[in-house]
Amino acid sequence: MRRTKEDAEKTRHAILQAAEVLFLERGVAHTSLETIARHAGVTRGAVYWHFQNKAHLFNEMLNQVRLPPEILTARLGGENACDSLRALRDMCIGALEDLARDEQKRRIFTILLHRCEFTDELREAEERHNTFIEQFIALCENIFRHAHAGGRLRPGISPPLAARALHAMMIGLFTDWLRDPRSFDPLQDTPALIDSLFDSLLANWKPREE
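Bear in mind the structure is a predicted one, so any value in this text is a computation, not a measurement.

A. Representation of the overall build of the protein chain. What the protein chain contains, in helices and strands, is 10 helices and 0 strands. Each helix and strand of the protein chain, ordered N terminal to C terminal, gives the series α-α-α-α-α-α-α-α-α-α. By its C-alpha atoms, the protein chain is 60 × 40 × 30 Å across when sized along the principal axes. Taking as baseline every contact in the protein chain between residues at least 6 positions apart, the subset at least 24 positions apart corresponds to 71%. As displayed, the protein chain has an accessible area near 11400 Å², and 50% of this comes from carbon and sulfur atoms. Side chains of the protein chain give 28 positive and 31 negative charges; the mean places of these two sets differ by 2 Å.

B. Spotlight on the packing of helix α5 (residues 69-76) against helix α6 (residues 81-101). Across the interface, α5 lies against α6 with an axial gap of 8 Å and an inter-helix angle of 125°. Relative to α6, the element α5 lies oblique. Residue-level inspection shows L72, R75 and L76 of α5 in contact with α6, the latter providing S84, A87, L88 and M91. Across the contact of α5 with α6, the residue classes tally to 5 nonpolar, 1 polar and 1 charged.

C. Just the packing of α6 against helix α7 (residues 103-114), in detail. Where α6 meets α7, the axes come as close as 5 Å, and the angle between the chain directions of the two elements is 100°. Here α7 runs roughly perpendicular to α6, going by the angle between their axes. Judged by residue contacts, D98, L99, A100 and R101 of α6 engage E103, K105, R106 and F109 from α7. Taken together, the residues of the contact of α6 with α7 sort by class into 3 nonpolar, no polar and 5 charged.

D. Layout of the pattern of salt bridges. With the rule as written, the count across this model stands at 17 salt bridges. One salt bridge connects R164 with E134, and the closest N-O pair in it is separated by 3.1 Å. On the criterion of sequence distance, the pair formed by R164 in helix α9 (residues 159-179) and E134 in helix α8 (residues 123-149) is long-range, its members being 30 residues apart. Of the residues examined, R164 reaches a relative accessible area of 44% and is grouped as partly exposed. Connected through salt bridges with shared partners, the residues R89, D90 and D195 form a single ionic network.

E. Seen up close, α8. Here α8 contains 27 residues, and its C-alpha end-to-end distance of 38 Å stays within 8% of the 39 Å for a straight helix at 1.5 Å per residue. With its phi angle positive at about 75°, G151 sits one or two positions after the end of α8.

F. Up close: the packing of aromatic side chains. Scanning the model with the defined rule gives 5 aromatic pairs in all. Residues F109 and F174 carry aromatic rings whose centres are separated by 5.2 Å and whose planes lie at 75° to one another, so their mutual orientation is edge-to-face. One end of the pair, F109, is in helix α7; the other, F174, is in helix α9, with 65 residues separating them in the sequence. The residues F109 and F174 share a single accessibility class, namely buried. Between F144 and F198 the ring centres are 6.2 Å apart and the planes differ by 50°, which places this aromatic pair in the tilted class. With a gap of 54 residues between them, F144 in helix α8 and F198 in helix α10 (residues 186-201) connect regions that are remote in the sequence. Look at F198 and you get buried, because its relative accessible area is 0%. Aromatic rings pair up to connect F23, F58 and F118 into one cluster.

G. Examining the environment of T73 more closely. When you line up the elements, T73 lands in helix α5. Sequence separation between T73 and L139 is 66 residues; the distance between their C-alpha atoms is 7.1 Å.

H. Quick look at the side chain of T190. Inspection of the secondary structure puts T190 in helix α10. Those residues in contact with T190 that lie beyond four places of it in its chain are I93, L96, F184 and D185.

Criteria and thresholds
Residues numbered from 1 in each chain as written. Predicted model: local features only at pLDDT ≥ 70, side-chain atom pairs only at ≥ 80, totals over all residues. Heavy atoms only, no water. Helix = DSSP H or I, 4+ residues; strand = E, 2+ residues; numbered from the N terminus. Contact = heavy atoms within 4.5 Å. Areas by Shrake-Rupley, 256 points an atom, 1.4 Å probe, with all protein chains shown as cover. Lys, Arg positive; Asp, Glu negative; His and termini not counted. Charge placed at Lys NZ, Arg CZ, Asp CG, Glu CD. Axes fitted to C-alpha atoms, helices over the stretch in contact; angles between N-to-C directions. Parallel < 35°, antiparallel > 145°, perpendicular 65-115°, else oblique. Nonpolar A, V, L, I, M, F, W, Y, C, P; charged D, E, K, R; others polar. Salt bridge = Lys/Arg side-chain N within 4 Å of Asp/Glu carboxyl O. Buried < 20%, exposed > 50% of the residue type's maximum accessible area, 1.4 Å probe, protein only. Expected span 1.5 Å × (residues − 1). Phe/Tyr/Trp six-rings, centres within 6.5 Å; stacked < 30°, edge-to-face > 60°.

Below is the structure:
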């Protein structure tokens, strides 16, 4: 039984690896499950044993590099607004630094942002991805709402606007750097980029207590 479970996990991993390679080379819409099966050296039936369809496979691939909402909530739920804001800032910086350091994250986010068309076949994956985005924005909005209650948001900036601005900046930085790694250095420039946004949203922004 133990050996069977190990073999099944190896097969699942091989399928996910094959999907990464082919999605990156051909794009998601132009890669069939049959092609993935051949590349992984398994039968098409083995693919369907582990994944319901391409949307399920695509979503499981994304889950390898995305933090579940409950972990995000635990990491960002500080004891007070300042702690949560600093945790959010540090998480954004860490996400971009990890993108530069982790080859798998670079491949998967390149697929998501540059090699994926959300066709009808991927509707389920698109809905799950959109749900993840809205959960992240809602979590950010809640943090900024506490900051707003404490008089920290600048005039004219509401918690929803602050959350959308941060999400838009992160997507823009991910997309731009994956398109052209020469555009900026994630390991050197990210703190200044993120702090500039926080400073535009928050009065008296300090990333660390002095």
